[in-house]
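Residues per chain are reported as follows:
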Amino acid sequence: MAASSVTLALALASPAYAGQHAETDDEKSDDVVVRQVDRDMQAEYGIGVRVGTFHTGPVYNIGLGFAAEGGVRFDRLALLGEYQFLGLLDPSSTAPQMPMQAYDAAMMRPATPTGSAHRLGANARYSVARFLVAQNGIGVRGDVFVEGGLGEELIEWSGGGYLHRADVSLGAGLGVRFRGTHHHGGYQIGVRATFADPPAGYAKSGPPTCAGPCDGPTRPSSLDHSVLGTFTVVFGG
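If you're wondering where the values come from, they're calculated on a predicted model, not measured in any experiment.

Definitions and limits used
- Residue positions are given per chain, counting from 1 as you read along its sequence in written order.
- At least 70 in pLDDT is required for a residue's local features to be given in this predicted model, at least 80 for side-chain atom pairs to be given and counted, and no such filter applies to totals for whole chains, interfaces and linings, which use all residues.
- Water and hydrogen atoms were dropped before computing side-chain values, which therefore reflect all heavy atoms in the structure.
- The helix and strand labels rest on DSSP assignments: H or I over at least four residues marks a helix, E over at least two residues marks a strand, and numbering proceeds from the N terminus.
- Only protein chains enter the accessibility calculation, which uses a 1.4 Å probe; a residue whose area is less than 20% of its type maximum is buried, one above 50% is exposed, and one in between is partly exposed.
- The contact criterion used is simple: two residues touch if any of their non-hydrogen atoms lie within 4.5 Å.
- At least two bridges found by DSSP between two strands are what make those strands a pair.
- Only the stretch in contact is used when fitting a helix axis, every axis being a line fitted to C-alpha atoms; angles between N-to-C directions are given from 0 to 180 degrees.
- Salt bridges are counted wherever a side-chain nitrogen of Lys or Arg sits within 4 Å of a carboxyl oxygen of Asp or Glu.
- Stacked, tilted and edge-to-face are the three classes applied to pairs of Phe, Tyr and Trp rings, where Trp contributes its six-membered ring and a pair requires centres within 6.5 Å; stacked means planes under 30 degrees apart, edge-to-face means over 60, and tilted covers the rest.
- Here, two cysteine sulfur atoms that lie within 2.5 Å of each other are counted as a disulfide.

Novice: Which residues make up the overall build of the protein, and what values go with them?
Specialist: Of regular secondary structure, the protein possesses four helices and eight strands. Start at the N end of the protein and walk to the C end: the helices and strands fall as α-α-α-β-β-β-α-β-β-β-β-β. For the protein, buried positions account for 36% of its 237 residues. Within the protein, residue pairs in contact and separated by at least 24 positions form 71% of the contacts whose partners lie at least 6 positions apart.

Novice: Kindly report on the sheet that holds strand β8 (residues 224–236), identifying the contributing residues and their values.
Specialist: Read around the closed barrel, eight strands run β1-β2-β3-β4-β5-β6-β7-β8, paired in antiparallel fashion. Neighbouring strand axes in the sheet, compared pairwise and without regard to direction, differ in orientation by 20° on average.

Novice: Please set out unusual backbone geometry residue by residue, giving values where relevant.
Specialist: One non-glycine residue with positive phi stands out, namely Asp75, at about 55°. Here Asp75 shows up in the loop between β2 (59–74) and β3 (77–89).

Novice: How would you sum up the pattern of salt bridges? Please name residues and give values.
Specialist: Counted according to the given criterion, the structure contains 14 salt bridges. Of the charged contacts in the structure, one is a salt bridge between Arg119 and Asp167, with a shortest N-O distance of 2.9 Å. Taken together, the positions of Arg119 in strand β4 (residues 115–135) and Asp167 in strand β6 (residues 162–179) put the pair 48 residues apart, joining distant regions of the chain. The salt bridge partner of Glu153 is Arg165, with a shortest N-O separation of 2.8 Å. Of this pair, Glu153 sits in strand β5 (residues 138–157) while Arg165 sits in strand β6, and the two are twelve residues apart along the sequence. Comparing Glu153 with Arg165 shows no difference in burial state: the two are buried.

Novice: How would you sum up the packing of aromatic side chains? Please name residues and give values.
Specialist: What describes a pair of aromatic rings is the distance from one ring centre to the other and the angle between the planes of the rings. Within this structure, the stated rule accounts for four aromatic pairs. Between the aromatic rings of Tyr45 and Phe235, the centroid separation amounts to 5.8 Å while the plane-to-plane angle is 35°, which identifies the pairing as tilted. Highlighted residues: Tyr45 in strand β1 (residues 41–56) and Phe235 in strand β8, separated in sequence by 190 residues. Residue Tyr45 is classed as partly exposed on the basis of its relative accessible area of 39%. For Phe235, a relative accessible area of 40% puts it in the partly exposed group. Ring centres of Phe66 and Tyr83 lie 6.3 Å apart, and the angle between their planes is 65°; on these two criteria the pair is classed as edge-to-face. Taken together, the residues Phe66 in strand β2 and Tyr83 in strand β3 connect sequence positions 17 residues apart.

Novice: Would you mind going over the pairing of β3 in detail, with residue names and values included?
Specialist: Pairing geometry for β2 and β3, over 13 bridges, is antiparallel. The residue bridging Phe74 from the neighbouring strand is Leu77, located in β3. Here β2 folds back onto β3, and the loop between the two strands holds two residues, one of which, Asp75, carries a positive phi near 55°.

Novice: Any details on the side chain of Glu69? Residues and values, ideally.
Specialist: Along the chain, the position of Glu69 falls in strand β2. What makes Glu69 buried here is its relative accessible area of 6%. The residues contacting Glu69, other than those within four sequence positions of it, are Glu44, Tyr45, Gly46, Arg50, Leu80, Gly81, Glu82, Arg125, Gln188, Thr232 and Val234.

Novice: For the state of the cysteines, give the residues involved together with the corresponding values.
Specialist: Summed over all chains, the structure comprises one disulfide. Through a disulfide, Cys210 is tied to Cys214; the S-S separation comes to 1.9 Å. Here the S-S torsion is close to 85°, and the disulfide linking Cys210 with Cys214 is therefore right-handed. A relative accessible area of 40% means that Cys210 is categorised as partly exposed. Owing to a relative accessible area of 40%, Cys214 belongs among the partly exposed residues under this scheme.

Novice: Just give me the short version of the pairing of strand β7 (residues 184–196), but keep the residues and values in it.
Specialist: Within a regular beta strand, the side chains point alternately toward one face of the sheet and then the other, so they alternate between its two faces. Bridge count for β6 against β7 is 13 bridges, and the pairing is antiparallel. In the sheet register, Leu170 faces β7, and the bridge partner there is Ala193. As consecutive antiparallel partners, β6 and β7 are separated by four residues. One ladder, built from 13 bridges, connects β7 with β8; its direction is antiparallel. Within the sheet, the bridge partner assigned to Gly186 lies in β8 and is Val234.

Below you can see the structure in the form of structure tokens.
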């Protein structure tokens, strides 16, 4: 259903269609309405997938899950609440088949803990660049956006234990939306980095070091940092 709606919107907005179908007065009036309602306050919702890295003190996991968001948008600015769920996977479990010698060495190391992470957050998203084309009563909008937010994480480990902490997120991405006079829908992709304090007792300190080839030593980062790729289906009034 969504794919056919997008195909129809693209067809209606195409130059070929415009050449075959001159706009009526009603459609021209609808174009004016589409441009106006896109600038007005409106409800906006989204649901999508998240995948990337998740950092908790000494533990690095692969994070894979989904998120749901909802709020309001005023022209270029959107204010959204969000719930995110990630499964925290052991990176070695997703690695390609390794030689027996490397497998034996890996078995000597402690396994990476796995679990899940829930996040409740509030995000502000702003379109730093956009375009809007309206034709035959259908609008097509493109956005380049940046975003920032605050959140609360609850991490639960499969082997036992939990961790509760606050975080700060920063991100950027691209989006495209199709809209009529009453509703809109579309897609957006992006990347988001999240920063949080490490668990008590795991604060990184000590002298500057070189963890790999480098021009000079630095102190390890004092914050846990996670990076997630995002794909979201957006819709609203």
